Every structure is written in structure tokens, then in C-alpha cells.
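Here is how the chains run, residue by residue.
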Amino acid sequence: MGRMILCMGKYAQNPYYLENACTNIYCVEELCYLFASNPFIINKDIMDKKLAIWLDQECGLGDLGHQLLGLFNRGSQAGTFVGMILDYVNYCTPKEKKRIEEVLQGSAGLSEYEKKKKQADFLLKNRRYRMALGEYDGLRRSLPEQEAGLKPAIYHNMGVAYGGIFEFELAAKYFKRAYELSGSQESGIQYLTAQRLHLRESAYISFMAEHGEYLELSLEVEKRLKAAKGEFEAGQENRMLTALKIYKDEGNVASYYEDIDKIIYTKKEEYRMLVGTDPGSGGAGKF
């Protein structure tokens, strides 16, 4: 059973936009969750007087707000600023806080571009695909030659993001770039998977006939697709679709359309979340 966290202050009427995570925050617990789940967003930009004032005026945490404002006069670092918030809320266990400190110490040796990639990876992990794509695209365009080693992972993760919003043709394009740069088997498998989902079956067969170099990878693709089909058939969504077929076969029109409407509404909401602009490790993802 998880550790209970008591809510502090109040829920803000006006959210604070945390630019590093590209999301609106409505309470101090949400802020702490983002710090704990993605320490890579903790940098000098986090130290914003507006955040301290927001915690005071919107969340009713005047004592915390005043303590944070005091740090600006002492030239404190971002880790101290965030640590004060986490300690005040008692959000993290000592072990969790130590992990955050270790990440911060480790990230001190990362370049600006590596940190930006970590932030984009956070958005990707949380299925904020459109936002992640914006971050990755801006990063790849500004990447200097000495940071070119990041390109394969950036391209691979752009493929994952495009796959997540069902843009399989674009997913294939970026997986292919990643594969050509790195020779990564995973990028190659994901490239063929995206092609398999994008092309008609006859077109995919023709494509494979022309590219015998992908034969071994294609066997792994078929193996994975077969496994995914088995998981779907054993899953809840397939049971739901089976129930709908029974409703239809039995002439239970009211129940059939009622459940259809529920499914469509849920899927629309999920898709809006994936492609929207308000959100909620590199090179290894799949879609």
C-alpha cells in the first residue's frame, strides 16, 4: 500500500504554468509530483518568484511562499529551492529525496542539449506526443555537430511519438533515420512495424521483396504483431467488442448504441489528450 500524502493549502483557481514540464499546476502536491517523477526539469528556470507568489496567493501557503522568496536574496541553487518545497509538503521519503539529489548531481555533467532531451523524454513517457514532438524537433534543429550523438535517440523517439498518434508514415520516416544513423536493431524493427501498419498488405509484401536486407528484422516484427494480437484478444477491449456483437446479434439495439457511444467518447477523449497542447529512455521506446 502506498504512503498517504495529506493535501496542503488549497486548490488554485488560477493555475501556474510550469514551462519546463509544459503543464498547468493547480496545487503544491502536483508540483511535487512533477519534481519527484522527473528531476531533470529542475534547473535555474524553476526558481521563479512568480511561483513563490502563486503558492502564497493561490494555494494559501504564505509561509512557504515567503521562505522561497527569501532564497533569492541568498543566491541559492535550484535544488535548494525545490528541496524546500518537497520538505515543506513532506512529499518524499528520504530515499526518494536522495534519488532526486543524485539525479541533480548527475545532470550537472549533462550538456544543455542532453537536458532538453531528458525533458522531451518526460513528455513522451507521459504520452504527451504532440508536445514531445515539438521539443524533439526544436532540439534536432538546434543541435550542434558536437552533440550529433543524440540524433539517433531523438529520431527514434520522434518515431515513437508519431506512432502514438497513428501517423505511421511519419513514424517510419524517423525510425528509418534512427536506424541508418545507429544500426540499432530496435529502430529497424520499429521502422518495419510502422511500414507494416502504414502500407497496404500487398504494398508491404512488395516492399519486403525489394529489401531483402530487412528479412531477419521482419521476422521479429511478425512475431511481435502476433503476440500483440494475442494480448488484445485476451484483453478487456476485445471482451467489450464481443459483448457488443452479442447485443447486435440479439437485436438489443439500445444497449448496443449506448455502449458504442461510451467507447467513442472515451476514445475521443484519449486522442484529444494525446494530440493536445496541455499535458498531464531515450532510444528504447516502442509504440
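Up top is the structure these notes are about.
Looking at unusual backbone geometry
Now for step 1: For Arg127, which is not glycine, the phi torsion reads 65 degrees and is therefore positive.
Now for step 2: By the secondary structure assignment, Arg127 is in the loop between α6 (112–125) and α7 (129–142).
Now for step 3: Classification of Arg127 as partly exposed rests on a relative accessible area of 40%.

Focus: the packing of α6 against α7
Now for step 1: Between α6 and α7, the shortest axis-to-axis distance is 8 Å and the interhelical angle comes to 160 degrees. Judged on the interaxial angle alone, α7 and α6 are roughly antiparallel. Handedness of the crossing formed by α6 with α7: left-handed. Across the interface between the two elements, Tyr113, Lys116, Lys117, Ala120, Asp121, Leu123 and Leu124 of α6 pack against Tyr129, Met131, Ala132, Glu135, Tyr136, Leu139 and Ser142 of α7.
Now for step 2: By residue class, the composition of the contact of α6 with α7 is nine nonpolar, one polar and four charged.

Structural notes on the environment of Ala171
Now for step 1: Along the chain, the position of Ala171 falls in helix α9 (residues 168–182).
Now for step 2: The sequence separation of Ala171 and Thr193 amounts to 22 residues, and the corresponding C-alpha distance is 9.4 Å.
Now for step 3: Ala171 has contacts with Gly159, Tyr162, Gly163 and Ala194, leaving out every residue within four places of it along the chain.

Here we look at the state of the cysteines
Defined simply, a disulfide is a covalent bond joining two cysteines at their sulfur atoms.
Now for step 1: If you walk through the whole model with that rule in mind, you get zero disulfides.
Now for step 2: The closest cysteine sulfur to the non-disulfide-bonded Cys32 is located on Cys92, 6.9 Å from its own sulfur.
Now for step 3: On the accessibility criterion, Cys32 (0% relative accessible area) is buried.

How each quantity is defined
Residues numbered from 1 in each chain as written. Predicted model: local features only at pLDDT ≥ 70, side-chain atom pairs only at ≥ 80, totals over all residues. Heavy atoms only, no water. Helix = DSSP H or I, 4+ residues; strand = E, 2+ residues; numbered from the N terminus. Buried < 20%, exposed > 50% of the residue type's maximum accessible area, 1.4 Å probe, protein only. Axes fitted to C-alpha atoms, helices over the stretch in contact; angles between N-to-C directions. Parallel < 35°, antiparallel > 145°, perpendicular 65-115°, else oblique. Left-handed = near helix turned anticlockwise from the far one by under 90°. Contact = heavy atoms within 4.5 Å. Nonpolar A, V, L, I, M, F, W, Y, C, P; charged D, E, K, R; others polar. Disulfide = S-S within 2.5 Å.

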